[in-house]
Amino acid sequence: MVAAADIIRTKTTGFVGRDYVFTAVDKFLEDHDRGFLVLEGDPGAGKTAILAEYIRRTHCVGHFNLRAQGLNTAGHFVKSLSEQFVARYGTHGAGGADGGEAVPRMLSEVRAILPDGIPLVVAVDALDEAEAPPGAANPLYLPGILDKGTYLVLTTRRNETALHVDGPFQKIDLKDFHAETMADVRCHLENRLSQGALARRVEESHLSAGEVVARLSEMSEGNFMYLYYTLIDIARSPGLDLDRFLRELPQGLENYYRMHWQSMGMTAAEAPTVNAWILYVLCEAEAPLPAWIISSILAPVTTRVSPASVQQCLTQWLPFLHRDVSTSPAKYSLYHASFRDFLHRHDVVANAGMDLTNVRAAIAELLWQHMMGDTEDT
Ligand SMILES: Nc1ncnc2c1ncn2[C@@H]1O[C@H](COP(=O)(O)OP(=O)(O)OP(=O)(O)O)[C@@H](O)[C@H]1O
Ligand SMILES: [Mg+2]
């Protein structure tokens, strides 16, 4: 399981820029006696990293929704908030209450013991990944009205979260900071290209670091996730013809996924390939899975699969996956929500010859066998 501390550490290592966002958050807190601040942006724009950095700097209470890891329910939020409040303020926490009741009660309890003038800030990442709430409730049962001195700093993909709130509310859209974002992207690239394997790739090429920065930042369209992937591609390819690589780079994150999708051999077949099945099982699973479970799920579907062949694919796709080594054997999930969204696009599903209903049925079948005691952990 991924702890918030791990997310904060990994997302803030090498973090650059975004001071304009932190300044806007500070100003909101100064200008309003309570309220909701929502940071919006495209997939991979860097929202989670900003929130992680904000939590690291301010030590406020924080929570990360992670759909791919199955950590996105109101129950997870209540538990995480409760643990943090009890540890910091010695309050009662959720005390067995559920989301609709527990969240506002916990916030009010902490607010009541904090001195006036000390804001209570709770930062929550990826409301768009949170489990859909019943009826008209806010995601994670976030209250619509806050006590004086209480602030919620939230992130979500653009236009993907409906919040019903009363009181001060402000949106910060990262796309309104395009020039600033591009400057941050260049700074990030300058840092990364001056070290380790990336610096060696630049040295081996006949390009200057400045030329590489200019080309990569332009093709990224200011998307940090794009840089994450392309820098891995460059770093792990000794002898790479960097000039050609940069000339052939696709523009933007979605085209990047499309290029890899083709090179994974997903688009040619009439029937779905084993690779397509493996990827879509990871896409549809509600939790991280080890190779042997993926292999068991696929056993009724195809004879061309074994734990070893699944493991081989997973190892090959590592840049696109999150590997949880806290368990043995390691468990895998999709690294980033934007890749899952790409896989969900109708044309991509159709090109792969997949039917998501069949994938979900195969997963459900194995779960059913497991409940009946038919599977073995090998
Ligand atoms: N300011 C930054 N400095 C350095 N690295 C960054 C910065 N912002 C983002 N990154 C890195 O870029 C990648 C994508 O960022 P992140 O996961 O925050 O995007 P996101 O907007 O949350 O995407 P999604 O909408 O899919 O959740 C991550 O690997 C992250 O660590
Ligand atoms: Mg995110």
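Residues numbered from 1 in each chain as written. Chains lettered and ligands numbered in written order. Predicted model: local features only at pLDDT ≥ 70, side-chain atom pairs only at ≥ 80, totals over all residues. Heavy atoms only, no water.

*Asks:* I keep staring at the overall build of the chain and nothing clicks. Help me out?
*Replies:* Looking only at helices and strands, the chain has 17 helices and 7 strands in total. For 378 residues, the compact-globule estimate of 2.2 N^0.38 gives 21 Å, and the C-alpha radius of gyration of the chain, at 22 Å, lies within 12% of that figure. Along the longest, intermediate and shortest principal axes, the C-alpha atoms of the chain span 60 × 60 × 35 Å. Within the chain, buried positions represent 49% of all 378 residues. If you take every contact in the chain between residues at least 6 apart in sequence, the share linking residues at least 24 apart comes to 71%. Entry remark: accessible area of the chain is about 17,800 Å², with carbon and sulfur atoms responsible for 53%. When the 33 positive and 47 negative side-chain charges of the chain are each reduced to one mean point, those points stand 3 Å apart. (Helix = DSSP H or I, 4+ residues; strand = E, 2+ residues; numbered from the N terminus. Rg over C-alpha atoms; globule rule 2.2 N^0.38 Å. Buried < 20%, exposed > 50% of the residue type's maximum accessible area, 1.4 Å probe, protein only. Contact = heavy atoms within 4.5 Å. Areas by Shrake-Rupley, 256 points an atom, 1.4 Å probe, with all protein chains shown as cover. Lys, Arg positive; Asp, Glu negative; His and termini not counted. Charge placed at Lys NZ, Arg CZ, Asp CG, Glu CD.)

*Asks:* Mind showing me how you'd approach the site of ligand 1 here?
*Replies:* Within the structure, ligand 1 sits among 22 residues, and Lys11, Lys47, Thr48, Arg157 and His336 are positioned closest to it. Lys47 has a polar side-chain atom sitting 2.6 Å from an oxygen atom of ligand 1. A distance of 2.8 Å is found between an oxygen atom of ligand 1 and a side-chain nitrogen or oxygen belonging to Thr48. A total of 630 Å² of accessible area belongs to ligand 1 in isolation, and the protein chains cover 95% of it. For ligand 1, the cavity whose grid points lie within 2 Å of the majority of its atoms is the largest pocket. If you list the elements that add at least two residues to the shell around ligand 1, you get α3 (47-58) and α9 (224-235). Taken together, the residues of the shell around ligand 1 break down into 9 nonpolar, 7 polar and 6 charged. (Near = heavy atom within 4 Å. Polar contact = N/O pair within 3.5 Å; in protein donor to acceptor, adjacent residues only side chain to side chain. 1 Å grid on protein atoms, 1.4 Å probe; cavity = no way out; pocket = protein on both sides within 12 Å on 5 of 7 lines; lining within 4 Å. Sits in = over half its atoms within 2 Å of the grid points. Nonpolar A, V, L, I, M, F, W, Y, C, P; charged D, E, K, R; others polar.)

Remember, this is a structural readout, not a statement about activity or role.
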